[in-house]
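Fold and geometry: a report
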Amino acid sequence: VAIKFINEYVDICNPKDKVIDELIWIERNPLLTKKFKSTFKNLIEAAYKDEPEVGLDFDPIFDGNDFPEKGFEILEKNDQSGYIKLRGINQPEYTLTMKIVKLNNVWLVDGSGIINIPKDKQAKR
């Protein structure tokens with residue numbers, strides 16, 4: 001579920017001339033927890049309230065401005081905690097931390113980048 005979500009997200013972010021409202025895409029995405037969706041929405045809205053011209057100025061799901069354009073693959077995972085470390089397919093030095101949880105017998109993405117990922121678990125930038 002983590003790879004499916006993040007690689008679909010790469011597709012909508014790449015190329016940048018596509019017109020897709022990321023907030024609507026996130027809100028409608030069945031692979032995400034309600035917590036992920038509300039954290040993302042609150043973060044984006046607060047950033048635009050503070051800085052109307054630029055907003056957050058980086059992508060909180062990737063935790064950066066750039067991302068591996070060919071997507072991600074799993075580097076390591078912890079079945080107990082749900083944390084997954086990914087690396088870029090075409091940029092193996094680019095890592096990303098995600099978290100999945102099982103709710104009602106369905107695996108969902110609960111965190112990515114800075115969304116619901118504690119600072120000590122976030123990828124180093």
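Whatever comes next refers back to the structure up there.
Heads up: these notes are all about the structure in this document. This one's a predicted model, so the numbers in the text were calculated from it and none came from an experiment.

Topic: the side chain of Asp110
By secondary structure assignment, the location of Asp110 is in strand S4 (residues 106–112). Buried and unpaired, Asp110 has Lys35 as its nearest opposite-charge partner, separated by 4.1 Å. There is a polar contact of 2.6 Å between the side chain of Asp110 and the side chain of Thr33. Apart from the residues within four sequence positions on either side, Asp110 is in contact with Thr33, Lys35, Phe36, Lys99, Ile100, Val101, Ile115 and Asn116.

Things to note about the side chain of Thr95
One can find Thr95 in strand S3 (residues 95–103). Thr95 gets classed as buried once you look at its relative accessible area, which sits at 13%. Residues contacting Thr95, with those up to four places away along its chain left out, are Leu75, Lys85, Leu86, Arg87, Ala123 and Arg125.

A short note on helix H1 (residues 2–13)
Helix length check: H1 (12 residues) gives 16 Å between terminal C-alpha atoms against 16 Å at 1.5 Å per residue, within 8%. Regarding H1, the residues found buried are Ala2, Phe5, Ile6, Asn7, Tyr9, Val10, Ile12 and Cys13. The inward-facing, buried residues of H1 abut helix H2 (22–28), helix H3 (34–50), strand S1 (72–77), strand S2 (83–88), S3 and S4.

Concerning a negative patch on the surface
Residues Asp50, Glu51, Glu53 and Asp57 make up a contiguous surface patch of negative charge. Note that Glu53 resides in the loop between H3 and S1.

Criteria and thresholds
- Residues numbered from 1 in each chain as written.
- Predicted model: local features only at pLDDT ≥ 70, side-chain atom pairs only at ≥ 80, totals over all residues.
- Heavy atoms only, no water.
- Helix = DSSP H or I, 4+ residues; strand = E, 2+ residues; numbered from the N terminus.
- Buried < 20%, exposed > 50% of the residue type's maximum accessible area, 1.4 Å probe, protein only.
- Lys, Arg positive; Asp, Glu negative; His and termini not counted.
- Salt bridge = Lys/Arg side-chain N within 4 Å of Asp/Glu carboxyl O.
- Polar contact = N/O pair within 3.5 Å; in protein donor to acceptor, adjacent residues only side chain to side chain.
- Contact = heavy atoms within 4.5 Å.
- Expected span 1.5 Å × (residues − 1).
- Patch = residues over 30% accessible without salt bridge, like charges linked within 9 Å, V, L, I, M, F, W, Y side chains within 5 Å.
- Areas by Shrake-Rupley, 256 points an atom, 1.4 Å probe, with all protein chains shown as cover.
- Charge placed at Lys NZ, Arg CZ, Asp CG, Glu CD.

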